[in-house]
Amino acid sequence: MPTTSDFERMLRGVALRVTRPRVAVLAAVNDHPHADTDSIIGIVRKGIGGVSHQAVYDVLRALTAAGLLRRIEPPGSVARYEARVGDNHHHVVCRSCGAVADVDCAVGATPCLTASDAHGFVIDEAEVIYWGLCPGCSTATSS
Ligand SMILES: [Zn+2]
Ligand SMILES: [Zn+2]
């Protein structure tokens, strides 16, 4: 589990000033992968109090732009954030309750980048969303 000094090092690594809200947001997303903005605001406020919604939005935007966080937005879902960046992993999303889980790529280390026909594009990212029902929801519908 990364500590506060790890988060401070990550911020300095991307030339962002270390601030309490930035560290708190990094810690919140790290502890709660795929949390939406409202949950992150709640967690950050519980941790350090007195942070405006706008401040958290701004921090999320800055950390995402700096590559410390990844923003995912499955169609029909609110934006969610995660601290697992840079590995181009995919997600499985529950159609019923919106639960999200990570899915490692099926093929190789820099995976899923080989389109069967790239139409001449230079592709640097592939995003796959698997849709279905989470264990909780599939049990609920079958019983
Ligand atoms: Zn579900
Ligand atoms: Zn993820």
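Residues numbered from 1 in each chain as written. Chains lettered and ligands numbered in written order. Predicted model: local features only at pLDDT ≥ 70, side-chain atom pairs only at ≥ 80, totals over all residues. Heavy atoms only, no water.

Assignment of secondary structure puts Val-51 in the loop between α3 (37-48) and α4 (53-65). Residue Val-51 is classed as buried on the basis of its relative accessible area, which comes to 8%. Measuring from C-alpha to C-alpha, the distance between Val-51 and His-34 comes to 21 Å, with 17 residues separating the pair along the chain. (Helix = DSSP H or I, 4+ residues; strand = E, 2+ residues; numbered from the N terminus. Buried < 20%, exposed > 50% of the residue type's maximum accessible area, 1.4 Å probe, protein only.)

Each donor-metal-donor angle would ideally measure 109.5 degrees in four-coordinate tetrahedral geometry, or 90 or 180 degrees in six-coordinate octahedral geometry. Around the zinc ion (ligand 2), the protein contributes the donor atoms His-34 (NE2), Glu-82 (OE), His-89 (NE2), His-91 (NE2) and Asp-102 (OD), which lie 1.7 to 2.3 Å from the metal centre. Classification of His-34 as buried rests on a relative accessible area of 6%. (Donors = N, O, S within 2.8 Å, 3.2 Å for Na, K, Ca; no water.)

A word on empty space enclosed by the protein. For the structure on display, the rule yields one cavity of 30 Å³ or more. Its boundaries defined by the atoms lining it, the largest cavity holds a volume of some 40 Å³. Lining the largest cavity are Arg-70, Ile-72, Glu-73, Pro-74, His-91, Val-93, Glu-127 and Ile-129. Contributions of two or more residues to the lining of the largest cavity are made by β2 (70-72) and β4 (90-94). Classifying every residue of the lining of the largest cavity gives four nonpolar, one polar and three charged. (1 Å grid on protein atoms, 1.4 Å probe; cavity = no way out; pocket = protein on both sides within 12 Å on 5 of 7 lines; lining within 4 Å. Points joined across faces, edges and corners; volume = space filled by probe spheres on them. Nonpolar A, V, L, I, M, F, W, Y, C, P; charged D, E, K, R; others polar.)

Turning next to the coordination of the zinc ion (ligand 1). Bound to the zinc ion (ligand 1) are the protein donor atoms Cys-94 (SG), Cys-97 (SG), Cys-134 (SG) and Cys-137 (SG), situated 2.2 to 2.3 Å from the metal. For the zinc ion (ligand 1), the four donor atoms in the first shell make angles of 105 to 112° at the metal, so the coordination geometry reads as tetrahedral. Owing to a relative accessible area of 46%, Cys-97 belongs among the partly exposed residues under this scheme. Judged by relative accessible area, Cys-134 falls into the buried class, the value being 17%. (Tetrahedral: all angles 85-135°; square planar, octahedral: opposite > 155°, others 65-115°.)

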